[in-house]
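# Examining the three-dimensional arrangement
Spelled out, the chains give:
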Amino acid sequence: MKGELPAPSVAARKALGPYARGRLVVRALGQTLALDVPHDVFSSQRIDDGTLLLLDHLPAGEPRSVLDLGCGYGALGLPVAARFPAARCVLLDRDLLAVAASAHNARVLGLTNATVQPGLGYRGLQAERFDWVLCNVPARIGARAIRYLLEGGRALGAEVRAVVIRDLAQVVEGLGLPGLTHVARGPRHDVFSLARSPAADTGTARAGTAVETNAAAGVAVDAPSALDLDDDAVYARDQTNFDGLSLFRPHDASEDPAHLAALALLAEPLPRKQPKNAFVFRANYGALPLAIKARHPGCEVVAQDRDLLDTAFLRRNAAALRLPVEVLEDLFWGETMNGRVFSLVCGELAAPPGAAVAKSELNQAAQLLAPGGEALILASEKQEREWLRGQAATVLLRRGPWCVLRISRPRG
């Protein structure tokens, strides 16, 4: 069928499980590389035009070390690694699904100079040095985080090359960064370069003394004149309310305007009696697990998400509200619980990963239930109608385009 990708390989299905979507080919830098792509990551239907534009406008010369910040499934960093086999190439992403895909592709392509690792921005990279930092900047990340992505790369000794969608070009130019130049313009994207800073070669990232208060994040953070590479508050967008709790929310969170209303429907049938423990998958920045903990302080709550930005803000919210929860940064959470079972399992099915992931998550939720336990799962009416026929779940509530599914495990 037109628009469908070639089927994923056996190796891709093993590495990516039900997320495996198909295969794309990237042609750049004299390389032709086949990449396996998963559902639910950036540009999984075709190679992004911005990525190709950036690959056509890399810095001059041969780098000794390269950081691909926000690597996705490897469409940017892996062609660079193939073109410069003597260079140390680090591919980093905050999404554990993207990390799994890039690592799989690097392994299949035999690119031993490419290392793939999870990470949020430059967190934990203070001691690193790179010649190049390459970044396809997320469209909804916010101006303060864009500054951080650019200046952070320069603090690591690198020349930074970043591609942005056309709507962000003025934002980048408005930052007023010394050494920033416009490199290229495509139909929908612009490429910018931020020159290396000679001072960055002499030691670690600048330790400044100027401090400002970020009201959205509720913490004191370094002002633009000083850069803290571990500062996840640069992603802070605003505060929102859920179930009586005030929560910090990041830019680029996977949340549409109706999301909190849908979560409120899922919160309605939560048990009034305190469960022994609870597991929440796809917990985002913590609204549902923290609501459970606030209602039942004696309940042991475990919250999972694959996005390190969401888990960073989940921890921030838990600390601000003094509601301790265990945070699990994991992709295949049903396979890594080591026999743990729960009185309550909650979560929401996301549309982009598709039916195979939804069915897998329902099965995993059922397997995590202790005797007498129940799972409450938020789904859209469309998902319930088209994907979940034959699943061991019943519709407990239905409102508008949403429904709450229930799975129970008998005692004994």
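Residues numbered from 1 in each chain as written. Predicted model: local features only at pLDDT ≥ 70, side-chain atom pairs only at ≥ 80, totals over all residues. Heavy atoms only, no water.

### Let's talk about the overall build of the protein chain
For the protein chain, the count of helices and strands is 11 helices and 20 strands. When contacts within the protein chain are restricted to residue pairs at least 6 apart in sequence, those whose partners lie at least 24 apart make up 68%. Just so you have it, the protein chain exposes about 17,800 Å², and 51% of that area is on carbon and sulfur atoms. If you average the places of the 46 positive and of the 44 negative side-chain charges in the protein chain, the two averages end up 4 Å apart. (Helix = DSSP H or I, 4+ residues; strand = E, 2+ residues; numbered from the N terminus. Contact = heavy atoms within 4.5 Å. Areas by Shrake-Rupley, 256 points an atom, 1.4 Å probe, with all protein chains shown as cover. Lys, Arg positive; Asp, Glu negative; His and termini not counted. Charge placed at Lys NZ, Arg CZ, Asp CG, Glu CD.)

### Looking at the pattern of salt bridges
Using the criterion set out here, one finds 28 salt bridges in the structure. Across the pair Asp49 and Arg46 runs a salt bridge whose closest N-O atoms are separated by 3.3 Å. Exposure remark for Arg46: the relative accessible area of 47% places this residue in the partly exposed category. The salt bridge partner of Glu386 is Arg385, with a shortest N-O separation of 3.3 Å. Residue Glu386 is classed as partly exposed on the basis of its relative accessible area of 43%. Salt bridges sharing common partners tie together Glu381, Lys382, Arg385 and Glu386. (Salt bridge = Lys/Arg side-chain N within 4 Å of Asp/Glu carboxyl O. Buried < 20%, exposed > 50% of the residue type's maximum accessible area, 1.4 Å probe, protein only.)

### Focus on the packing of aromatic side chains
Under the defined criterion, the tally for this structure stands at seven aromatic pairs. Their ring planes at 40° and their centres at 5.3 Å tell us that Phe279 and Trp333 sit as a pair that is tilted. In this pair, Phe279 sits in strand β14 (residues 277-281) while Trp333 sits in the loop between β16 (326-329) and β17 (342-348), placing the two residues 54 residues apart along the sequence. Grouping residues by exposure puts Phe279 and Trp333 together as buried. Taking the centre distance of 5.5 Å and the plane angle of 35° together, the rings of Phe279 and Phe342 count as tilted. Here Phe342 lies in strand β17 and Phe279 lies in strand β14, a separation of 63 residues in the sequence. No difference in accessibility class separates Phe279 from Phe342, as the two residues are buried. Grouped by ring-pair contacts, the aromatic residues Phe279, Phe281, Trp333 and Phe342 constitute a single cluster. (Phe/Tyr/Trp six-rings, centres within 6.5 Å; stacked < 30°, edge-to-face > 60°.)

### A word on the confidence of the model for the protein chain
In this model, the protein chain carries a mean pLDDT of 91, and residues with pLDDT of at least 70 account for 91%. Note on residues 200-225: pLDDT is under 50 here. Beyond four places in sequence and across chains, it has 61 contacts. (pLDDT = per-residue confidence, 0-100.)

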